[in-house]
Amino acid sequence: MIEDDRLVQRALAVMAPPAHHYYPITIAHGSGTEVVSKDGRRFLDFSSGLAVLNLGHNHPRVIQAVHEQTDRYLHAGGIYYSEATMAAAEELVSVTPHGLNMLFFGNSGAEAVEGALKVARYTSGRQAIISCTGAFHGRTMGALSLTSSSSAYRRRYHPLLPSVYQVSYPACFICSCGMNAEACGGKCLEEIDRLFQRQIPPEEVAAIIVEPFLGEGGYYPAPRTYLKGLRKICDEYGILLIFDEVQSGIGRTGKWFCCEHAGVHPDILVTAKALASGLPLGAVVASKELMTKWDSPSHGSTFGGNPVSCAAALATLRVIKEEGLLDRACVAGAKMVSYLQEVAMHNPSVGEVRGMGCMVGVEFVDEAGAADGRLCQNLIDECLAKGVILIGCGLKRNVVRLIPPLNVKDAELKEALGKFSDALIELTRRKNS
């Protein structure tokens, strides 16, 4: 039995099934985009640990910051004020959209979503929350109540949070109305008006929560008109607009936050994943005016804002600024999209290539134009065999995610995209033979 297999068997003996792993790979060490398994295999990690490692594995400045902090102290826990925590908070609000200048630290994206819901209900005095079909906001009970990227996540957990309503997300490639991107956004906004007329009056809605770039649900960036329309609706009825940027934030799309592409600012922003380069940290960010209405006893966290995580976050944010990684993400993303669109021109199984920065999705379809999850998974498996780690998404699992670090090297991009193309060509040849 090889080293990787031994560790997998040990995990299966003690880890519960929900502790899901995509592949039977055991990591020995990582550097940048490269990962080496315990049995010596080399991989290019184009999953970035589920969009967490925006600087890649083990960026030296993050490692240094963590080492320095662990030499001082590990935990503050609401007992002491921590310089590391305050510095990370100040740095984060310096890059969030204008007016979002106060935050609460938690430990994860789901926890940050829970916090955002509590802020919205507590400060507005309203109950109802509107989310979108296909959304993934987390697996804790409140966040799960907003999640509908798959019914498998919700099975056997009902009843969930009450007064949650769902409307369509403008996933334009699979739009049931057959509209183009901009028109589709308009149709989805009309659905919110119908919801107000038939199910819940707008004055009882605390918040609308949306991913500006739908993640687990299929990698669909929302049209600008849709996000602007949401902002208008929320302003009209005094509803708080929450943007879940857990996956799309911290430079992933070539802006600090995806909503900046549309020029639309939320009332509450949720971020996590890449914030601390792999250490657990999430944040709910809003205006000071709103946050000071969220009284002290109404929420809390023992581990939120952990000094070691915050030291990593401070280093992460500064590296993105000082190394110009927003621009580098845009350049890398343009290369990926251009290359993949060229591939699509020669292979009708590629239905669409879409994305921003280092957040790119490739949707696969069959001859009838229906979702082809089998081809997608076969392609992911072939790429893994060639040394490229990719993951899928979408209800039918027919979308491949390409989410390399923002500082991915040109040679690594060329290698990974070449293997992607080779794998697709081989699969197509087998299918047609």
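Residues numbered from 1 in each chain as written. Predicted model: local features only at pLDDT ≥ 70, side-chain atom pairs only at ≥ 80, totals over all residues. Heavy atoms only, no water.

Teacher, can you tell me more about the overall build of the protein chain here?
A count of helical and extended segments in the protein chain gives 13 helices and 17 strands. Against the compact-globule benchmark of 22 Å for 433 residues, the protein chain has a radius of gyration of 21 Å, which places it among compact chains. Here the C-alpha coordinates of the protein chain stretch approximately 60 × 60 × 45 Å along the principal axes. In the protein chain, which comprises 433 residues, the share counted as buried stands at 54%. The contacts of the protein chain with a sequence gap of at least 6 include a subset with a gap of at least 24, amounting to 72%. Of the roughly 19,400 Å² that the protein chain leaves accessible, carbon and sulfur atoms contribute 53%. Of the side-chain charges in the protein chain, 42 are positive and 45 negative, and the distance between the mean point of each set is 3 Å. (Helix = DSSP H or I, 4+ residues; strand = E, 2+ residues; numbered from the N terminus. Rg over C-alpha atoms; globule rule 2.2 N^0.38 Å. Buried < 20%, exposed > 50% of the residue type's maximum accessible area, 1.4 Å probe, protein only. Contact = heavy atoms within 4.5 Å. Areas by Shrake-Rupley, 256 points an atom, 1.4 Å probe, with all protein chains shown as cover. Lys, Arg positive; Asp, Glu negative; His and termini not counted. Charge placed at Lys NZ, Arg CZ, Asp CG, Glu CD.)

Would you take a moment to explain the sheet that holds strand β14 (residues 359-364) for this structure?
Two orientations exist for strands paired in a sheet by backbone hydrogen bonds: parallel and antiparallel. The strand order β13-β14-β17-β16 describes an open sheet built from four strands, whose pairing is antiparallel. Unpaired on one side and paired on the other, β13 (350-356) and β16 (391-393) mark the two borders of the sheet. Ignoring strand direction, the axes of neighbouring strands in this sheet form an average angle of 30°. Bridge count for β16 against strand β17 (residues 399-402) is three bridges, and the pairing is antiparallel. Pairing of Ile391 across the sheet is with Arg401, part of β17. Sheet strands touched by helix α11 (residues 325-345): β13, β14 and β17. Its angle to β13, the strand with the most contacts, is close to 175°. Along the sheet, helix α12 (residues 373-385) contacts β14, β16 and β17; its crossing angle with β17, the most-contacted strand, is approximately 35°. (Pairing = 2+ DSSP bridges. Axes fitted to C-alpha atoms, helices over the stretch in contact; angles between N-to-C directions.)

I keep staring at the packing of helix α4 (residues 83-93) against helix α10 (residues 307-322) and nothing clicks. Help me out?
A packed helix pair is summarised by two numbers, namely the angle formed by the two axes and the spacing between the axes. Where α4 meets α10, the axes come as close as 8 Å, and the angle between the chain directions of the two elements is 35°. Between α4 and α10 lies a crossing whose hand is left-handed. Between α4 and α10, the contacting residues are Ala84, Thr85, Ala87, Ala88, Glu91 and Leu92 on the first element and Pro307, Cys310, Ala311, Ala313, Leu314, Leu317, Arg318 and Lys321 on the second. (Left-handed = near helix turned anticlockwise from the far one by under 90°.)

How should I be thinking about the packing of aromatic side chains in this particular structure?
All chains considered together, the criterion is met by seven aromatic pairs. Centroid distance Tyr22 to Tyr23: 6.1 Å. Interplanar angle 40°. Geometry classified as tilted. By relative accessible area, which is 36% here, Tyr22 ends up partly exposed. Geometrically, the ring pair formed by Phe213 and Tyr219 is edge-to-face, given 5.4 Å between the ring centres and 75° between the ring planes. Residue classification places Phe213 among the buried residues on the basis of a relative accessible area of 1%. Classification of Tyr219 as buried rests on a relative accessible area of 0%. (Phe/Tyr/Trp six-rings, centres within 6.5 Å; stacked < 30°, edge-to-face > 60°.)

Explain the packing of α12 against helix α13 (residues 410-432) here, please?
Two elements in contact, α12 and α13, have axes whose closest approach is 9 Å; the angle formed by their N-to-C orientations is 125°. Of the possible angle classes, the one that applies to α12 and α13 is oblique. Pair α12 / α13 crosses with right-handed handedness. Where α12 abuts α13, its residues Leu375, Asn378, Leu379, Glu382 and Cys383 lie against Lys419, Phe420, Ala423, Leu424, Glu426, Leu427 and Arg430. (Parallel < 35°, antiparallel > 145°, perpendicular 65-115°, else oblique.)

Hey, could you run me through the pattern of salt bridges in this one?
Side chains that differ in charge, positive against negative, can pair when their charged atoms come close. By the definition in use, this model includes 19 salt bridges. Two residues, Arg318 and Glu91, come together in a salt bridge whose shortest N-O distance is 3.6 Å. Here Glu91 lies in helix α4 and Arg318 lies in helix α10, a separation of 227 residues in the sequence. A salt bridge links Glu216 to Arg401; the shortest N-O distance between them is 3.1 Å. On the criterion of sequence distance, the pair formed by Glu216 in the loop between β8 (213-214) and β9 (220-221) and Arg401 in strand β17 is long-range, its members being 185 residues apart. Each of the two residues, Glu216 as well as Arg401, counts as buried. (Salt bridge = Lys/Arg side-chain N within 4 Å of Asp/Glu carboxyl O.)

How should the pairing of strand β5 (residues 128-132) be read in this particular structure?
Here is the key point about a regular strand: its side chains alternate between the two faces of the sheet. Most of β5 is tucked away: five of the five residues are buried. In β5, alternate side chains face the same way, and those of Ala128, Ile130 and Cys132 on one face and Ile129 and Ser131 on the other are all buried. Taken together, the three bridges between β5 and strand β7 (residues 205-210) define a ladder with parallel strand orientation. Bridging across to β7, Ile129 finds its partner in Ala207. Pairing geometry for β5 and strand β6 (residues 164-167), over four bridges, is parallel. Opposite Ile130, over in β6, you have Tyr165 as the bridge partner. Between β5 and its parallel partner β6, the chain crosses via helix α6 (residues 141-146), and the hand of that crossover is right-handed. (Right-handed = clockwise from strand over helix to strand, strands pointing away.)

Would you take a moment to explain the sheet that holds strand β3 (residues 42-45) for this structure?
Taking strand neighbours across the sheet as the criterion, the four strands line up as β1-β2-β3-β15 in an open arrangement whose pairing is mixed. Pairing within the sheet leaves two strands with one partner each, and these edge strands are β1 (27-31) and β15 (388-389).

Got a minute to help me understand the layout of surface pockets in this structure?
In this approach a probe as big as a water molecule rolls over the atoms, and the regions it shows empty are the leftover space. Considered as a void within the structure, the second largest pocket measures approximately 820 Å³ in volume. Lining of the second largest pocket is provided by 31 residues; of these, Thr85, Met86, Leu103, Phe104 and Phe105 occupy positions nearest its centre. At the level of secondary structure, the elements contributing two or more residues to the lining of the second largest pocket comprise α4 and β4 (102-106). Considering every element that reaches the lining of the second largest pocket, the biggest residue donor is α4, with five residues. Taken together, the residues that form the lining of the second largest pocket break down as 15 nonpolar, 14 polar and two charged. (1 Å grid on protein atoms, 1.4 Å probe; cavity = no way out; pocket = protein on both sides within 12 Å on 5 of 7 lines; lining within 4 Å. Points joined across faces, edges and corners; volume = space filled by probe spheres on them. Nonpolar A, V, L, I, M, F, W, Y, C, P; charged D, E, K, R; others polar.)

In this structure, what is going on with the side chain of Ser149? I would like to understand it.
Tracing the backbone shows Ser149 in the loop between α6 and β6. Judged by relative accessible area, Ser149 falls into the buried class, the value being 5%. Not counting residues up to four positions away in its chain, the partners in contact with Ser149 are Gly134, Ala135, Phe136, Glu216, Gly217 and Leu395.

In this structure, what is going on with the environment of Tyr220? I would like to understand it.
The residue Tyr220 is located in strand β9 in this model. Under the relative-accessibility criterion, Tyr220 is labelled buried at 4%. As a C-alpha pair, Tyr220 and Arg354 span 134 residues in sequence and 7.4 Å in three-dimensional space. Other than its neighbours up to four places away in sequence, Tyr220 contacts Tyr169, Ala171, Cys172, Phe173, Ile174, Pro212, Phe213, Leu214, Arg354 and Glu363.

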